[in-house]
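Structural description and commentary
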Amino acid sequence: KTPLVGLNLEGNELSDAGLVDILAELKGPSVLHLNSLSLAHNPIRFHPPPREGLGTPESVALAVASMPSLKALNLSSTKLGARAVEALCDALTNGAARVSHLSLTNVGLGMSGESSCVAVGRLLESTSSLRMLDLAGNAFRQQGFAAMSRALRHPRCRLEQLSFAH
């Protein structure tokens, strides 16, 4: 059987409950080869109802970050919010995934404080795999830009493309 290497679920009206179902199905051998996952343009918030240990933004983020072959993750135009972005950044820092392309366009970074923007900066400081980061359409302000500036100067940061376009 040929392994699944890419999964594009863009624009499918995928809910948090649907995301939990998909992540539950992707556990095990089928996820070992998945290198591209796009959940863009779905109303997910990473606040799913509890099920099989996937009931918090942290657990969903950990499930995504545990995909060892994952290189490209597109969460653009989802409604993640600060807590989910922070959980995702922490999970990507410590998880098995070595994402090189991350798209967080229009996910609400900075809309309710700058902690999520600072978390993205910490992610850049802690991983050398990230090469492309799209942060367009978010609300970075002073603390967020300061964190990104520090991260870009950090020796572990290997970023080649960064977008803040609005």
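The paragraphs below set out a description of the structure included in this document.

So, how was this worked out
Residues numbered from 1 in each chain as written. Predicted model: local features only at pLDDT ≥ 70, side-chain atom pairs only at ≥ 80, totals over all residues. Heavy atoms only, no water. Patch = residues over 30% accessible without salt bridge, like charges linked within 9 Å, V, L, I, M, F, W, Y side chains within 5 Å. Areas by Shrake-Rupley, 256 points an atom, 1.4 Å probe, with all protein chains shown as cover. Salt bridge = Lys/Arg side-chain N within 4 Å of Asp/Glu carboxyl O. Lys, Arg positive; Asp, Glu negative; His and termini not counted. Charge placed at Lys NZ, Arg CZ, Asp CG, Glu CD. Helix = DSSP H or I, 4+ residues; strand = E, 2+ residues; numbered from the N terminus. Buried < 20%, exposed > 50% of the residue type's maximum accessible area, 1.4 Å probe, protein only. Core = buried A, V, L, I, M, F, W, Y, C linked by side-chain atoms within 4.5 Å. Contact = heavy atoms within 4.5 Å. 1 Å grid on protein atoms, 1.4 Å probe; cavity = no way out; pocket = protein on both sides within 12 Å on 5 of 7 lines; lining within 4 Å. Points joined across faces, edges and corners; volume = space filled by probe spheres on them. Phe/Tyr/Trp six-rings, centres within 6.5 Å; stacked < 30°, edge-to-face > 60°. Polar contact = N/O pair within 3.5 Å; in protein donor to acceptor, adjacent residues only side chain to side chain.

With that settled, the discussion passes to a positive patch on the surface. Together, Lys71, Arg98, Arg156 and Arg158 make up a region of like positive charge exposed at the surface. Residue placement: Arg156 occurs in the loop between α5 (142–153) and β6 (161–163). Residue Arg156 is classed as partly exposed on the basis of its relative accessible area of 41%.

This part is about the nonpolar core. Of all hydrophobic cores here, the largest spans 46 residues; its most connected members are Leu73, Leu102, Leu104, Leu109, Val120 and Leu133. Listed by contribution, the elements that provide at least two residues to this core are α1 (16–25), α2 (57–65), α3 (81–94), α4 (115–126) and α5. If sequence neighbours within four positions are ignored, Leu109 has contacts with Val85, Leu104, Ser116, Cys117, Val120, Leu135, Asn138, Ala139 and Phe140.

Turning our eyes to something else, we now look at the pattern of salt bridges. Counted by the stated rule, this structure contains one salt bridge. Arg131 is the partner of Glu160 in a salt bridge, and the nearest nitrogen-oxygen pair spans 3.6 Å. Of this pair, Glu160 sits in the loop between α5 and β6 while Arg131 sits in the loop between α4 and β5 (132–134), and the two are 29 residues apart along the sequence. Here Arg131 falls in the partly exposed class, since its relative accessible area comes to 28%.

Enumeration according to the criterion identifies one cavity of 30 Å³ or more in this entry. The volume enclosed by the largest cavity comes to roughly 50 Å³. Considering the residues around the largest cavity, the lining is formed by Leu92, Ala97, Arg98, Val99, Leu123, Thr127, Ser129 and Leu130.

Turning our eyes to something else, we now look at the packing of aromatic side chains. Inspection of every chain in the model, using the stated rule, returns three aromatic pairs. An angle of 45 degrees between the planes, with centres 5.7 Å apart, marks the rings of Phe140 and Phe145 as tilted. We classify Phe140 as buried; its relative accessible area is 10%. Clustering of aromatic rings is evident, with ring pairs tying together Phe140, Phe145 and Phe164.

Our focus in this paragraph is the environment of Asn42. Structurally, Asn42 can be placed in the loop between β2 (36–38) and α2. C-alpha separation for the pair Asn42 and Leu14, spaced 28 residues apart in sequence, amounts to 5.3 Å. Once residues within four sequence positions are removed from consideration, Asn42 is found in contact with Leu9, Glu10, Gly11, Asn12, Glu13, Leu14, Ser77, Thr78 and Lys79. Reaching out from Asn42, the side chain makes a polar contact with the backbone nitrogen of Glu13 at a distance of 2.9 Å. At 2.7 Å, the side chain of Asn42 and the backbone nitrogen of Leu14 are in polar contact.

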